[in-house]
Amino acid sequence: MSTTEAALEAGRKQATRAGLALALFSAMAFGLSGSLAKPLLETGWSPAAVVAVRIGGAFLVLLVPCLLMLRRYGTQGRLWRPTGRQGLRMIGYGTTAMALAQLCYFSAVQYVSVGVALLLEYLAPVLLIFWHWARTRVRPEPRRFLGAGLAVLGLFLVLDVVRGAAVHPLGLLWGLGAAACLCCYFILGDSGADAPVPPLVMTTVGTGVGATLILGLGALGVLPLAAAAAPIHILSAAELPWWVPALLLILITSVSAYLSGIVAVRRLGAPIASFVALTEVIFAVIFAAVLLSESLSPVQLLGGALVIAGITVVQGIRRPGRRRFDPPATSLTT
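Counting restarts for each chain: residues are numbered from 1 in the order of the written sequence. At least 70 in pLDDT is required for a residue's local features to be given in this predicted model, at least 80 for side-chain atom pairs to be given and counted, and no such filter applies to totals for whole chains, interfaces and linings, which use all residues. Derived side-chain values reflect all non-hydrogen atoms in the structure, with water molecules and hydrogen atoms excluded from consideration.

**Structural notes on the overall build of the protein**
The secondary structure content of the protein amounts to 13 helices and two strands. The buried share of the protein, reckoned over its 334 residues, is 47%. Look at the contacts in the protein between residues 6 or more apart in sequence, and 87% of them connect residues 24 or more apart. Here, Shrake-Rupley sampling with a 1.4 Å probe gives the accessible areas, and only protein chains in the shown set may cover a residue. Counting every atom, the protein has about 16100 Å² of accessible surface; 69% of that belongs to carbon and sulfur. Counting from the N terminus, the helices are the DSSP runs of H or I reaching at least four residues and the strands are the DSSP runs of E reaching at least two. Exposure categories follow from relative accessible area, calculated using a 1.4 Å probe and restricted to protein chains: below 20% of the type maximum is buried, above 50% is exposed, and the middle band is partly exposed. It only takes one pair of heavy atoms within 4.5 Å for two residues to be counted as in contact.

Here it is in structure tokens:
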């Protein structure tokens, strides 16, 4: 191996390690959302209101930094403007990955148990295998199927689906809809063949589009929007004002989670990043045990080990490097 090839290989491994760290952080941030949202729901908040505050607040937090960045990358004092394809990608990301994914999930839990709904939603990595197969006409590596099987079995155990599981046709359809929307999160978050959209812009536009859709459906009466100002309880005894979990939902489970998730998808690629994202379920169970005093069983711990094993198997698959976002050359003069 030449010096140049060795340097490229070292750079690829470093980028992969950074991508894995970001993907795990994103999964951990997303995994905290359930433990923060549950106390709000118990005090009278509707699911749609929680989603609206979560992504709408993220949009307000990100708007000014996003505009400053666009101005920096713009030309002659004008804001940088995306191409038509980039604009459609951002609108689709906000509609499917941010708004419809959560809407489908919350609709699913009205008919099936939370465990079944999560298991259906996190079939997304398996669906991505077949989507990639159909798109490229290239049969996936056998180890990808092995990793998928281990991960799905691990999810089945972590979520404890068998105990108290409920099945309803509408719940299954909503759950599969959530899985399809989660696939869109990884596909649209990846740059693909297009010039990558900056993660900050992607997240800002996505949260804005998603929040507008949720609030619009609420205004039309399709989704109930209800909130309460009652204090919430965590750690069995601690009492906090309602705005504390709401603020954490905005800053950690939305702003930080989506920004790091987009960068991770572009470093690892949608198929591998989707498998690492399965650790969100593990983090969610751990946070629930710590913050909400929900117990962990040995079977759930075994399931977590299987999920990690499946991710390890899939992560070992090599993939070509990805392009990062490069501002237009003319912006360097501004």
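**Structural notes on helix 4 (residues 84–108)**
Each residue after the first adds 1.5 Å to the expected span of a helix. The terminal C-alpha atoms of helix 4 lie 34 Å apart, and with 25 residues this matches the ideal 36 Å at 1.5 Å per residue to within 8%. Remark: the principal bend of helix 4, roughly 40°, maps to L100. In terms of residue burial, helix 4 counts as a mostly covered element, since 18 of its 25 residues are buried. Across the chain, bend at a residue is computed as the angle between axes fitted to the seven residues ending at that point and the seven starting from it.

**Structural notes on the packing of aromatic side chains**
Note on ring pairs: Phe, Tyr and Trp rings are taken, using the six-membered ring of Trp, and paired if centres are within 6.5 Å. Classes follow the plane angle, with under 30 degrees stacked, over 60 edge-to-face and the rest tilted. The final tally for this structure, using the stated rule, is nine aromatic pairs. With centroids separated by 5.0 Å and ring planes inclined at 80°, the aromatic side chains of F30 and Y258 adopt a geometry described as edge-to-face. Note that F30 is positioned in helix 1 (residues 3–31) and Y258 in helix 10 (residues 243–268), a separation of 228 residues in sequence. Ring geometry for W45 and W242: centres 5.8 Å apart, planes at 40°, overall tilted. Taken together, the residues span a long stretch of sequence, with W45 in the loop between helix 2 (33–42) and helix 3 (47–73) and W242 in the loop between strand 2 (238–240) and helix 10 at a distance of 197 residues. Residue W45 is classed as buried on the basis of its relative accessible area, which comes to 7%.

**Notes on the state of the cysteines**
A pair of cysteine sulfur atoms is labelled a disulfide when the two atoms are within 2.5 Å. Taken as a whole and judged by the stated rule, the model has zero disulfides. Here C181 is not disulfide-linked; the sulfur of C104 is the nearest cysteine sulfur, at 4.4 Å.

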